[in-house]
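# Structure assessment
The primary structure of each chain is shown beneath.
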Amino acid sequence: MRSKVTILRTKAIIALGANLPLGEMLPRDILLAAIKELTLLLGELCQVSRLFQTPCFPVGAGPDYVNAAMTVETTLSPSDLLQHLHGIEQQFSRLREQRWGMRTLDLDLIAVGDQVLPDNAGYMYWYDLAVEQQMKEAPKELILPHPRLQDRAFVLVPLCDICPDWRHPVLGKTILELRDALPKSELEAVLPVE
């Protein structure tokens, strides 16, 4: 008699953004195509937020973004999932020339379940890093949850569409609580795309 093997699936949270066209494709079209690619790659157990128009970050660095978020149930490790995300970015001609620069597609792995990577101390280093230093320095390893998650309306507003009750494993707050802690002016700048 064969024993049954249980494959553990974990909810991964992904943020999507684009502010440059790719040929005839506008950022909105790029996000919709990327969502389709992610769904084909990772399976049908996905939830997708609405699309939102958001001011470029940092201010003045380029045209406005179109942002969205999605969750997927996956058996992939965080590093394997990140490799797949980078592969999809490359399909859409993503170039990594400038930290926080303009891009045709940005796929950020926000969280995988309640995992904290590389560990609590490594996470806290990036969480506490001053903004000036963040603009110059990029992590050489995967940091989870994303250390800037709690600061970004363009991530939190779309996430409230699909997983408002997900609780940050370090900060102990839900997506909804993190969103509501941001200044009203930042939240009002994130507008649904019609």
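See above for the structure.
My aim in this report is to walk through the structure given alongside it, one point at a time. (Residues numbered from 1 in each chain as written. Predicted model: local features only at pLDDT ≥ 70, side-chain atom pairs only at ≥ 80, totals over all residues. Heavy atoms only, no water.)

## Some remarks on the packing of helix α1 (residues 27-42) against helix α2 (residues 78-91)
Here α1 crosses α2 at 140°, and the two axes come no closer than 11 Å. Regarding the angle of α1 to α2, the classification is oblique. For α1 against α2, the interelement crossing comes out right-handed. Contact residues: Glu 37, Leu 38, Leu 41 and Leu 42 in α1; Leu 81, His 84, Leu 85, Ile 88 and Gln 91 in α2. (Axes fitted to C-alpha atoms, helices over the stretch in contact; angles between N-to-C directions. Helix = DSSP H or I, 4+ residues; strand = E, 2+ residues; numbered from the N terminus. Parallel < 35°, antiparallel > 145°, perpendicular 65-115°, else oblique. Left-handed = near helix turned anticlockwise from the far one by under 90°. Contact = heavy atoms within 4.5 Å.)

## Let's talk about the pairing of strand β4 (residues 65-74)
Of all 10 residues in β4, nine are buried, a share of seventy percent or more. Relative to β4, strand β1 (residues 10-18) runs antiparallel, the two sharing nine bridges. If you follow Ile 14 over to β4, its bridge partner there is Met 70. Where strand β2 (residues 46-48) meets β4, three bridges bridge the pair, whose relative direction is antiparallel. Pairing of Gln 47 across the sheet is with Thr 71, part of β4. (Buried < 20%, exposed > 50% of the residue type's maximum accessible area, 1.4 Å probe, protein only. Pairing = 2+ DSSP bridges.)

## Concerning the side chain of His 146
Tracing the chain through its elements places His 146 in the loop between α4 (131-134) and α5 (153-162). Look at His 146 and you get buried, because its relative accessible area is 15%. Once you skip the residues sitting within four places of it in the chain, His 146 turns out to touch Asp 108, Leu 109, Ile 110, Tyr 123 and Arg 152.

## Observations regarding the nonpolar core
Counting residues in each nonpolar core, the largest one holds 25 residues, and the members touching the most others are Leu 16, Leu 31, Leu 38, Leu 105 and Leu 109. Secondary-structure elements contributing two or more residues to this core are β1, α1, β4, α2 and β5 (106-112). Element by element, the count of residues in this core is highest for α1, at six residues. If we skip the residues at most four places from it in the chain, Leu 109 touches Ala 12, Ile 13, Ile 14, Pro 78, Leu 81, Leu 82, Leu 85, Leu 142, Leu 144 and His 146. (Core = buried A, V, L, I, M, F, W, Y, C linked by side-chain atoms within 4.5 Å.)

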